[in-house]
Structures are given as C-alpha cells and as structure tokens.
Amino acid sequence: MDIDKLKPILEALFAASDKPLSVNQLFELFVGDIDQPSKDEIRKAIEDLTEKYQHGGFELKQVASGFRLQVKADYETWVTRLWEQKPPRYSRALMETLALIAYRQPITRGEIEDIRGVSVSTNIVRTLEERDWVKSLGHKEVPGRPTLYGTTREFLDYFNLKSLNELPTLAEIRDLDQFNPEFTFEDKEVAAN
Amino acid sequence: MDIDKLKPILEALFAASDKPLSVNQLFELFVGDIDQPSKDEIRKAIEDLTEKYQHGGFELKQVASGFRLQVKADYETWVTRLWEQKPPRYSRALMETLALIAYRQPITRGEIEDIRGVSVSTNIVRTLEERDWVKSLGHKEVPGRPTLYGTTREFLDYFNLKSLNELPTLAEIRDLDQFNPEFTFEDKEVAAN
Amino acid sequence: MQKLSPGSASNQSEMPFALVQGEPLTVIPQDLYIPPDALLVFLEAFEGPLDLLLYLIKRQNIDILNIPIAAITRQYMEYIHLMEHLELELAAEYLVMASMLAEIKSRMLLPRPIASEDEDDPRAELIRRLQEYEQFKQAAEDMEALERLERDIYLTSIDIPRLEIDVPLPDVMLSELMNAFRDVVNRAEQFASHHVEREPLSVRERMVRVLELINADDFTSFTDFFDPSEGRMGVVVSFIAILELLKESLIEIVQSKPYAPIYVKANS
C-alpha cells in the first residue's frame, strides 16, 4: 500500500482506539484487503507519523503493548483544567508494594512483607489487581502455596514504559555510614502531613 | 500569546477533551495566566489547526457546542474492524458494581466501596449511566449528600426481567453453583426467553 | 513526593513535626523510644518499623551499636500497654523490632565465642534488612516520579462520529451479573464487619419505586404508595419499604394533626 494512503488510515485507527495498537494487530486489520500493507510498511508509516507529531500537542508513543496517541506531558497544566476531578493518588505503602513486585517478580506477599517489615493489606493487593497492574503468575511450591505476583503490560502502559528495563535503576545498596549526608526529604514530607 | 505556542496547547486540549470545546470555554481556561490568549488568537489558532488536519485521519470539526477532533468518515471501514477484531468487554469491577447496585439499591458509591474494599472509579459509574442501566435516585442525607444509585427499566429490559424480583437470590445462586458448577444460569436464561 | 536540594532540610527543621494532642511537636524524640502520645503519629507517618528505624538512624538519633537496654525494656512494656488502643497488627510489628533490638544488645553484652567475627555480628541481619528496605523505598519514590497516565499524560479522546460507525457495546449475560454478585458477596463475607443482608428484593425494588415517586419539594399522599390491587403482600411490601426508607432517613413523613392525611416527602 502506498505510504501516503496508509498514514491517514493508521492515524484514524490510533485516534479511534482506546488501547495501544501493536504492529501485529494493525497488520491483522488489513488481512484480506486487496491492497494489504506489509509490516514493514506499517512500521515506516508509524515512524513518519511519530515525526509528524513532533511539534504538536500530542505524540505517538510506544509503550509495552503497542503504540498509542497521547497528550504530551508538556501540556498537562492546561489539560488538567478541563476536569474538576483530581488524578488518583496512591499511598506509599501501595507504591512500595508495587515497586517490590516490579523489581523482584515473581514474588509472594510474604516476601514483600519480609522486606517491608509490615504486613501488606489485602486492599493494596486488590487495588493493584483491579487496576490490572499486577497479576498472579502461579504459586510458589512451599507450604501454603502462596501466589506469586508479577506486573502486567497494563502496568507498563500506565507508567509510559516500553519494558521493565526502562524502570529506574535500582539504587545500589549503600553502607549505613553513607546514609547521613544524603538525608534530605524526610522533614518536608512529614511536615506536610 | 504567540500563536505557535498556542496551537499545540489547543491541540492537546481538543485531543484530551471528550466533549466539544467552544471558543469561550477555551478562553476561560487561560484566565489568570500571565500570557493569556485573546479570543481572536484562539479563533486564528483553530483555523490553522483545521487547515493542518486536512490530509490526516481525523479533523477538527465544528458542532453545535464547539469544536472537536473526530475521525474522518473516510476511514470508517478500518476503524470498524477494530471492534470486530476485539469485541469490548466490561471489567470485573464494573460487573460487581452493577451487581451491587441491582441487588442493594438504593446504594451510594461509598457503600459499594465498603463492600468491595476498593474505590469505584467515576468511569464505571459513568459507563453504567451512559448505558442507561443505572440512574441517580436522589441523595442520602448524610455528610456529603452522596448520590443514591438504582437500576433502570432499561436494565430490566436488557436482562429480560419483568422486575427485580426475578433476579435469583444469593442462596439460589449458590445452590445452582453446587448442583451444576459448569452451567449455572444458562437454563434459566433460556427458559426466560 | 519531591526531592529537596541538600540544605533545605535545615530550613524545615523548625516546622512542627506533627501535632500531638494539639501541641506542635517540633523536636524529634531523642531515641527510638517514642513518647506514647507521639506513637500514633509515628505509626501513621512511617511505613513500618524499618522505615522508622531508617529515619532515626539517618537523624543520628540512635546508635545501633549502643542501645540502652533498660530503656528498651521499659518501652517494650509501653508497647504492650498501647496495643490495647492501637491497631494490633501494626503495633506487633514495632514490637518485634523492639525485641530484635533488645536481642542484639543482649547478645553483644555476652562474651563472644572465638568463632569468626564477621558471621557472628548480631547486627548484620538488621543492617541487611535496613539496606534492602532502603533500596525499595527509593525505588518506590523513583516510580512515583515516572510520568504516568491520568496525572502527567492523558490519552486522546478523539470522537468517532456516531452516525457512521456504531461502536458496539459490550454484551453481558445475566449469569455474569449473578456471578459477579456472588463473588463480591463471598469476598465481603470474609470480613466479618461487612455484612450483606439477604433482604427480599421486592422490598428493595419498592424502596426505589417510592423514591422515584417523591421529590424533595412535593408532598405525596401516604396512600398513593399502596395499590390495593396488589393484595395484602403488595401492601405489606410497600409499608416495609417506607419504614426502611424512613430508617435510612431518606424520606420524611409528616402529619399536621392527629387523623389528618399523612404525607411523604424526600428528606431535604
């Protein structure tokens, strides 16, 4: 298919879809058409579109499950004014649990509790599952057969990531005597509460 | 405001908004900004953007209540295939919310959250209302005056019920599970048709 | 959660750390052993005993190498006492930590066996746990800073003109709805505090119909809610529904004088 014919079709598809679309999914949509584009043509058209949006208000972004049109973070200031509702906030307990699942998967709830030193509430696990950020990967073959948790593609999509490799690098373990000079944010955080 | 600065902001706003935006609404969004655009500047930017989309997959279209970005009708063929490929499904969270509204109406969102143990997103309630399955019955006279939800006649029609009484009770659901775990309600549904 | 530049911490030091019984607490307790009033605040501000310990170590308020054993015992007893008032589970975790610290201290007081020194340091396990926790605490903060949907980036919502393309709505089977209800009730029943009553649906349905009939401004005659053609059961159901709504303060019933007509209106 001629790339100049393909581009607006892909653009319409990205605009209409509420989920990211992968090259394979896009390819499947054309199967049976006389003028069927190849995967390479689709890839090229995506490249061109990405280029095209460079100076606009939205972008074609690659995340874990494909490409999606999204509003650029630069314009967040204005876009939030459209809605009264504030974005959901997640507790530190939830973020720490999520971080442990993301970096240490597959991991059991007991293992998370060991590292955090506190029990993980059922609500946190349920919220993570309901948001489709976390899923069961099976059971660990130890007494009680606890569920092993891992993150999903939806988790990566939500955090605007292509793969787990794009997560911030885990800080190196530091010696205890190095803790003190770097101490910075605790006061503010506590004072703000 | 410089028009080249304004254009991507408007583009971001049109892309993010799920409703058409009028020039007045857009103007209001900038009130208080140091670099506030005039209505004429907004009109000019909209004109430029309309021009810009001429060869793409979507267009900036003026409708009664303002301007909105919409997929061009030319690409209908392909966009329709998106849903043929993957028929939409409701999430577990939505189904459980609907079930609780059906069985426990009149019920507030807070009460649903208490039973489910996780928060109910505004989207779920909106989807159910848009589907005409759920409506507001009034407000509960407790602090915050939360909305009381109930199901509609359309809900009964959709599920082929004459009245809520025809919904099996919890005990009946559990009994059916015991007798016939695989084919829980098929029989009943067929009989009802 | 934002990171501050080094130095801003000192500017913040005069800010009250928290309010304890109305009094601002500007000084962090000098050791691990927290005054009981502050304990609740601590339990809320920290994610657990490791988090608290990290904080105190960073503040140089505690020296793991030199814990006063008398104080820890006293504190230990205070924890037990406080557990009566606080979330038991949470307090228990702090308690475990306190006893771990006590154990470390007591082992250090004992004469060391001649075995290799590295393996035998009783602090090693605690230090390992603190380091590991610190690593993930940081990871959580880094993740919090990532750009994410709903907060920093938004999906586009570009309309598809309705006339041309009919976006199908999901199909739902009645059985799916039932299963969803069964699942949510089963789950709720695991928590003793949530009790989903098995009320007859007819009453619920009637409650809804009553609510539909009335509104806050108008008075509706009490008798309008009863349809004799429904028979005795129908009348009883209506009556129960009205009582139930009254109990939940959703409606008001007014009567100007004895034997005068009774009216129902929405609570306003």
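Keep in mind that this is a model prediction, so the values were computed, not measured.

1. Comments concerning the side chain of B:Asp33
Piece 1. The topology assignment puts B:Asp33 in the loop between α2 (23-30) and α3 (39-52).
Piece 2. A polar side-chain atom of B:Asp33 sits 3.1 Å from a polar atom in the side chain of A:Arg81.
Piece 3. Other than its neighbours up to four places away in sequence, B:Asp33 contacts A:Trp78 and A:Arg81.

2. Description of the domain arrangement of chain A
All names here are of chain A.
Piece 1. In terms of domain boundaries, chain A breaks down into domain 1 (3-81) and domain 2 (92-167).
Piece 2. Look at where the C-alpha atoms of domain 1 and domain 2 centre, and you get two points 30 Å apart.
Piece 3. Every contact between the two is made by eight residues of domain 1 and, on the other side, six residues of domain 2.
Piece 4. Counting the surface lost from both domain 1 and domain 2, the interface buries some 630 Å², and carbon and sulfur atoms represent 46% of this.
Piece 5. Here domain 1 is connected to domain 2 by zero salt bridges.
Piece 6. Taken together, the links from domain 1 to domain 2 amount to six residue pairs in polar contact (both at pLDDT 80 or more).
Piece 7. At the level of secondary structure, the elements contributing two or more residues to the side of domain 1 that touches domain 2 comprise β1 (58-63) and β2 (66-71).
Piece 8. For the side of domain 1 that touches domain 2, the element with the most residues is β1, which contributes three residues.

3. Description of the packing of aromatic side chains
Piece 1. Tallying each qualifying case throughout the model produces 20 aromatic pairs over all chains.
Piece 2. When the centroid spacing of 5.1 Å and the interplanar angle of 35° are considered together, the rings of A:Trp83 and C:Tyr154 count as tilted. Taken together, the residues span two chains, with A:Trp83 in the loop between α4 (76-79) and α5 (92-104) and C:Tyr154 in strand β3 (residues 154-155).
Piece 3. Given a relative accessible area of 30%, A:Trp83 falls into the partly exposed group.
Piece 4. Residue classification places C:Tyr154 among the buried positions, given a relative accessible area of 9%.
Piece 5. Judged by centre distance (6.1 Å) and plane angle (70°), the ring pair of B:Tyr90 and B:Trp133 falls under edge-to-face. Highlighted residues: B:Tyr90 in the loop between α4 (76-85) and α5 (92-104) and B:Trp133 in the loop between α7 (122-130) and β4 (134-139), separated in sequence by 43 residues.
Piece 6. For B:Trp133, a relative accessible area of 2% puts it in the buried group.
Piece 7. An aromatic cluster of at least three residues, connected via ring pairs, comprises A:Tyr90, A:Trp133, A:Phe155, A:Tyr158 and A:Phe159.
Piece 8. For the cation-ring pair, A:Lys39 lies above A:Phe27, with the distance from its terminal atom to the ring centre recorded as 5.2 Å.

Each value, and the rule that gives it
- Residues numbered from 1 in each chain as written.
- Chains lettered and ligands numbered in written order.
- Predicted model: local features only at pLDDT ≥ 70, side-chain atom pairs only at ≥ 80, totals over all residues.
- Heavy atoms only, no water.
- Helix = DSSP H or I, 4+ residues; strand = E, 2+ residues; numbered from the N terminus.
- Polar contact = N/O pair within 3.5 Å; in protein donor to acceptor, adjacent residues only side chain to side chain.
- Contact = heavy atoms within 4.5 Å.
- Domains from an automatic or database assignment.
- Buried area = accessible area lost by both parts, 1.4 Å probe.
- Salt bridge = Lys/Arg side-chain N within 4 Å of Asp/Glu carboxyl O.
- Phe/Tyr/Trp six-rings, centres within 6.5 Å; stacked < 30°, edge-to-face > 60°.
- Buried < 20%, exposed > 50% of the residue type's maximum accessible area, 1.4 Å probe, protein only.
- Lys NZ or Arg CZ within 6 Å of the ring centre and 35° of its normal.

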